[in-house]
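Structural overview for review
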Amino acid sequence: RDSTERTTLAGGTVLDPDANERTFRSDARRQFLSARAQAPADAGVWVLSQLQRDGFALRDDLLRKSKFGGDEISAAVSGLVQQGKVIVAGGLAAESTRWRQLIEKYAAAIDAEHRAHPERAGLALSELRTAVGKELKLPGAFEAVVAALCAEGFAQTGTAIHRTSHRPALPPNLQAAGNRIRAALAAKPFDPPARRELAPDSNAQQALRFLRESGEVVELNDDVVLLAGQFARAKSTIMKRLREGGAATPSDLRQLLSTTRRVMIPLLERLDREGVTERQGDARVLKRSRLSSSG
């Protein structure tokens, strides 16, 4: 403007308030500026050009430094979503192709984990979080990716994410060890071999870990594990005895199950932790809540 600040002598439209000299002459930058120059009043063009350049952005940050108002920007985003050009996931906005590539990349990583480690529940969420964090340094990005994956045939279980069709299974090199462990535990249901006998080598230790994590065996302590079915049977037998006869000592219950103190004590401690039994002096009784629920 002139010195009176009333008459415009020259002017222009700011196409990029965060211009960078290092990338000014790149093809991507020229396309970005050209698109905006040809449609200076079209908020949709400006939103799409930003996402085509950056790939991803926080939705609330789109065109923050522009002449467009919030309603215009919101309407532009909605129109681009309807056209399939933009994806909105949580608080993120993304160019559709880039978002699709990102989700397919992480889906492939989960599938690769299933192939490499069929015995595991899936890809650790901590690994996925690290990978997303390196690629998308935006708040809420990890949650948006997980939600997108879960909408496309994946599920989150505990600390892992997996295909809904995935069922953990021992890999071929561990199947023989797993079968030996199952057979040893079944042979002596309430007097199982010590862990060091069950799993004397690396393969057996991996197989035992799988059986524990999959719920096929129940760990009583660092030394004793039972098949899940045998644990359920022992639990039911003890509950029946305490319900009918009141208090019973570990020795009474040990004889009832024909087991040893090595197994009986950690078994009762496990039932105490689960709220099935409680200790009264040297004996165990059924927890009051269990008595009332049994009628």
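Turning our attention to helix H10 (residues 228-245). The end-to-end C-alpha distance of H10 is 26 Å, a good match for the 26 Å that 18 residues give at a rise of 1.5 Å each. The set of residues buried in H10 consists of Gln 230, Phe 231, Ala 234, Ile 238, Met 239 and Leu 242. In the stretch just after H10, Gly 246 is the one whose phi turns positive, near 75 degrees.

Throughout the structure, instances matching the rule amount to 16 salt bridges. For Glu 104, the salt bridge is made with Arg 100, and the minimal N-O distance between the two is 3.3 Å. Pair noted here: Glu 104 and Arg 100 are both in helix H4 (residues 96-116), with a separation of four residues, about one helical turn. Exposure remark for Glu 104: the relative accessible area of 45% places this residue in the partly exposed category. One salt bridge connects Lys 235 with Glu 274, and the closest N-O pair in it is separated by 3.4 Å. On the criterion of sequence distance, the pair formed by Lys 235 in helix H10 and Glu 274 in the loop between helix H12 (261-273) and strand E9 (277-280) is long-range, its members being 39 residues apart. Beyond isolated ion pairs, a larger network of salt bridges with shared partners links Asp 191, Arg 196, Asp 223 and Arg 262.

In this section: the sheet that holds strand E3 (residues 92-95). Note: strands within a sheet are paired through backbone hydrogen bonds, in either parallel or antiparallel orientation. On the basis of which strands lie adjacent, the open sheet formed by three strands has the order E1-E3-E2 and antiparallel pairing. This sheet does not close on itself; its edge strands, each paired only once, are strand E1 (56-58) and strand E2 (86-89). Taking the axes of each pair of neighbouring strands and ignoring which way they run, one obtains an average angle of 25 degrees across the sheet. Bridge analysis of E1 against E3 gives three bridges, and the strand direction is antiparallel.

The rules behind each value
- Residues numbered from 1 in each chain as written.
- Predicted model: local features only at pLDDT ≥ 70, side-chain atom pairs only at ≥ 80, totals over all residues.
- Heavy atoms only, no water.
- Helix = DSSP H or I, 4+ residues; strand = E, 2+ residues; numbered from the N terminus.
- Expected span 1.5 Å × (residues − 1).
- Buried < 20%, exposed > 50% of the residue type's maximum accessible area, 1.4 Å probe, protein only.
- Salt bridge = Lys/Arg side-chain N within 4 Å of Asp/Glu carboxyl O.
- Pairing = 2+ DSSP bridges.
- Axes fitted to C-alpha atoms, helices over the stretch in contact; angles between N-to-C directions.

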